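Each chain is listed here by its residues.
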Amino acid sequence: MEIFTELSLILVAALCVSMLMRLLRQPLIVGYIFTGILLGPYALNLIHSGEIIELFSKLGITILLFIVGLNLSPNVIKEVGKVSLVTGLGQVFFTTIIGFTIAKFLGIETISALYVAIALTFSSTIIILKLLSDKGDLNKLYGKIAIGFLLVQDIVATLILLVTTSISAGGEGNIVLITLFTLGKGVVVITLMIAISSYILPKLSKFVAHSQELLFLFALSWGLGLATLFYKLGFSVEIGALVAGVSLSMTPYAAEASARLRPLRDFFILLFFILLGSQMVFDNLVSLIGPILILSLYVLIGNPIIMMILMNLLGYSKRTGFMAGLAVAQISEFSLILATLGFQVGHLSREQLSMITFVGLFTIAGSTYFILYAEKLYPILSNILNILQLRKSKPEKGSGDKCDALLFGYQRVGQDFVHSFKKLGLSHMVVDFNPESIKLLEEESIPFKFGDAKDPEFLEELPFTGLKYAISTIPEFDTNLQLVTRIREKSRNAIIMVISENPQQTEQLYEAGASYVIMPHYIGAIHATKLIEKHGTDHNKFKEEQAKHKVYLEKRVG
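On a predicted model such as this, the values are computed, not experimentally measured, just so you know. (Residues numbered from 1 in each chain as written. Predicted model: local features only at pLDDT ≥ 70, side-chain atom pairs only at ≥ 80, totals over all residues. Heavy atoms only, no water.)

Some remarks on the overall build of the protein chain
A count of helical and extended segments in the protein chain gives 24 helices and 6 strands. Relative to all contacts within the protein chain whose residues are 6 or more apart in sequence, the contacts with residues 24 or more apart total 72%. For the protein chain, the accessible surface area stands at approximately 27,200 Å², while carbon and sulfur atoms represent 64% of it. (Helix = DSSP H or I, 4+ residues; strand = E, 2+ residues; numbered from the N terminus. Contact = heavy atoms within 4.5 Å. Areas by Shrake-Rupley, 256 points an atom, 1.4 Å probe, with all protein chains shown as cover.)

Next up, the structure:
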C-alpha cells in the first residue's frame, strides 16, 4: 500500500498546486513541475518510489507522443501551406544557430550547447492550442499560421528525436556513420509502416471501430506495441510511439482513438513532469541564475522577433507577425523530453537539465501572459515593432479615391461578392491583409488595398464617404463592430453586411448600424429546410442539388 499512499499524496498535492496555477491563469504543466519541486528532496521529500513513478512517466511520454503522431497526418504540410512551412523551418534554423552561440558564450561545452540550443527551438503545440482555443482565436489568420508552424516544428522534433536517440544508443562512435545507419533503418521501417497503414490498418481499424472499448484497446496496443518494437530495433520507445501515431492517423478513426487516450495521457504525463520537478538541482542555483535569465529572455523576446521578421519577409502585416510570434515565446514538452534524454545518456549534467527546466518554467509562464494580453500589448509596442519591418507592405492596386463597394476579406467567400458587384456594375475594392489573398487579387486584376481592418489608422485611409455597399467576411466580432461603427459615421446610406456566429453579438452589430448580419449556420439551416419542403423524399431531386453544389465547389477550388 506504500506506493498507493504515495501516489494518492502526489495527486492531492498536484491538485492543490494546479488550482493555484488555474487562479494565476497558468498552464497546468507549470503546476506539475512545481509539485515535483515541493515533493522532492529539497522540500517535503515525499517521493520514494522513484522507479515506479519513472515507469509511469515513461508511459505518459509514450502515450503523449502517440497522440501527437495521431494528429500529424502526412498531408499536414500541404494543409498548413507555404507560410507555415517557411516560418516553422526558418524559426528552427535561426533559433538553433543563435541559441548555440549564446550557450557557447555562457561556457557550455559543445555537445551540451547543442542540446540546449535545440531545446530552445521548439514551442508547445499543446499549450498554444489551449490558449488560442480559450481566446477563440483558432480560426483567425495568425491562429491558423501559428498552428501550422507548430505542427511543422513537431515534425522536425520527431526527426531530431529519431537521430538523437539512435546516436545515444550507438555510444561515442562515428556520428556520421551512426546517423546514416539510423536514417537507413528509419527509412526501411517507415516504408514498411506506410505499406501497413495503406493496406492493412484501414481494414483492421474498421473492424475494431464497431466497439469503442475495442478501439481504445486496439489504439493503446498499437501505440505501445510499436514503441516496444522500435526499442528492440535500436530506436527509442518515444520514436516508436510517434511513428505508431502517424501510421494510425491515416485512418478515419484517428480522432476517436486520440480522444479516448487523452485521459490516460493526462494522468501519466502528470507524473512525468512531477518526477522532472523532483529531480531538479538547487545546490548550484546561484551560479545558474545568470544563464537561466539570459536563455529565458532569448526565448521570450528573441524567438518572437525571429518569427516576426520571417512573417514580415513573407508579406504579412506587423500585427499578424506579432500575434503569431508570441506563439514561440516558450519551450515545449519536446524540449524537456530531449533534455531528459540528454541527461540519461550523459550528454547533459543534472545542473544543465535543471537549467533547461527552469527556462521552461519561466518561458511557459511568461508567454502565457503575453498571449492572453496580446491585444493590450500590441498598441503599446506597435511603434517599436516598426524596427522589424524589413519589407514594406504591398501597395494597393487601382484603388482610386472613391468606390461604390468595399469587401473586407477575400478568400472565405469573397469571390461570390465580387461577382455580384460586377453584375450590378459597381466599382469595388477588396481590403485584405493575407499575402496569399493579395496574390490571387493581383492575378485576377481585382482592385485591392493591403491592410488590417482592425487597425484604426488604416481605416482612416479607406474611401467610406459615398459608399453604397460594405461587406465583411471577417469572422471577428470586434473587427466587424469597429467597421460598422466607422462606416456608419461616414456613410449613413451604405448597406453594411457582416458575419456573426453569436446571436448576442448579432444584436450588438444591428444596434451599431449593420444593415444585415449574416449568420452562416442560421442561413444554412433555412436553406436545408427549404430543400426538404421542396423535394420531400425525392432522392433524384437531392442528387440534382448535389450535382449543382459540386459544380459550385469545383469553381471555387479552381
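A closer look at the nonpolar core
Counting residues in hydrophobic clusters, the biggest one holds 118 residues, and the most contacted among them are F66, F149, W222 and F273. By residue number, the principal contributor to this core is helix α12 (residues 254–278), which donates 12 residues. Those residues in contact with F149 that sit more than four places away from it in its chain are S84, T87, G88, M307, A324, A327 and V328. (Core = buried A, V, L, I, M, F, W, Y, C linked by side-chain atoms within 4.5 Å. Buried < 20%, exposed > 50% of the residue type's maximum accessible area, 1.4 Å probe, protein only.)

Details of a nonpolar patch on the surface
On the surface, L20, L23, L24, Y369 and Y373 cluster together to form a nonpolar patch covering roughly 480 Å² of accessible area. Relative to the helices and strands, L23 resides in helix α1 (residues 2–23). The exposed category is assigned to L23, whose relative accessible area is 70%. (Patch = residues over 30% accessible without salt bridge, like charges linked within 9 Å, V, L, I, M, F, W, Y side chains within 5 Å. Salt bridge = Lys/Arg side-chain N within 4 Å of Asp/Glu carboxyl O.)

Observations regarding the packing of aromatic side chains
Counted under the stated rule, the structure contains 9 aromatic pairs. On the basis of an interplanar angle of 15 degrees and a centroid distance of 6.5 Å, the ring pair of Y369 and Y373 is categorised as stacked. The exposure class of Y369 is partly exposed, given its relative accessible area of 32%. With a relative accessible area of 33%, Y373 lands in the partly exposed category. (Phe/Tyr/Trp six-rings, centres within 6.5 Å; stacked < 30°, edge-to-face > 60°.)

With respect to the pattern of salt bridges
Per the counting criterion, the structure on display carries 5 salt bridges. R319 is the partner of E375 in a salt bridge, and the nearest nitrogen-oxygen pair spans 2.8 Å. Note that E375 is positioned in helix α17 (residues 374–385) and R319 in helix α14 (residues 318–325), a separation of 56 residues in sequence. One salt-bridge network, held together by shared partners, links R319, E375, D452, K454 and E476.

Some points on the packing of helix α10 (residues 212–232) against helix α11 (residues 237–248)
It is at 7 Å that the axes of α10 and α11 come closest, and there the two elements cross at 135 degrees. Between α10 and α11, the interaxial angle falls into the category oblique. Considering how the two elements wind past one another, α10 and α11 form a crossing that is right-handed. Of α11, the residues touching α10 (which contributes F218, A219, W222, G223, L226, A227, F230 and Y231) are V237, I239, G240, A241, V243, A244, S247 and L248. Here the residues of the contact of α10 with α11 are counted per class, giving 13 nonpolar, 3 polar and no charged. (Axes fitted to C-alpha atoms, helices over the stretch in contact; angles between N-to-C directions. Parallel < 35°, antiparallel > 145°, perpendicular 65-115°, else oblique. Left-handed = near helix turned anticlockwise from the far one by under 90°. Nonpolar A, V, L, I, M, F, W, Y, C, P; charged D, E, K, R; others polar.)

Comments concerning the packing of helix α3 (residues 50–70) against α12
At their nearest, the axes of α3 and α12 sit 7 Å apart, and the two run at 145 degrees to each other. In the packing of α3 onto α12, the handedness of the crossing is left-handed. Listed contacts from α12 to I53, E54, F56, S57, L59, G60, I61, I63, L64, F66, I67 and L70 of α3 are A254, A257, S258, L261, R262, L264, R265, F268, I269, L271, F272 and L275. Here the residues of the contact of α3 with α12 sort into 18 nonpolar, 3 polar and 3 charged.

Considering the sheet that holds strand β1 (residues 405–408)
A sheet is described by the order of its strands in space; here 6 strands give the open sequence β3-β2-β1-β4-β5-β6, paired in parallel fashion. Of all strands in the sheet, those with a lone pairing partner are β3 (448–450) and β6 (516–518), marking the two edges. Direction aside, neighbouring strands of the sheet carry axes that sit 15 degrees apart on average. Note: strand β4 (residues 469–472) against strand β5 (residues 495–499), 3 bridges, orientation parallel. Its bridge partner being in β5, A470 is matched across the sheet by I496. Those strands touched by helix α21 (residues 477–490) are β1, β4 and β5, and its axis lies near 175 degrees from that of β5. (Pairing = 2+ DSSP bridges.)

With respect to the pairing of strand β2 (residues 428–432)
With 5 of 5 residues buried, β2 lies mostly within the body of the structure. On β2, burial covers both faces: H428, V430 and D432 on one face and M429 and V431 on the other are all buried. Taken together, the 4 bridges between β1 and β2 define a ladder with parallel strand orientation. Bridging from a neighbouring strand, L407 pairs with V430 of β2. Here 3 bridges tie β2 to β3, and the two strands are oriented parallel to one another. Within β3, the residue paired with V430 across the bridge is F448. Handedness of the crossover joining β2 and β3 through helix α19 (residues 435–443) is recorded here as right-handed. (Right-handed = clockwise from strand over helix to strand, strands pointing away.)

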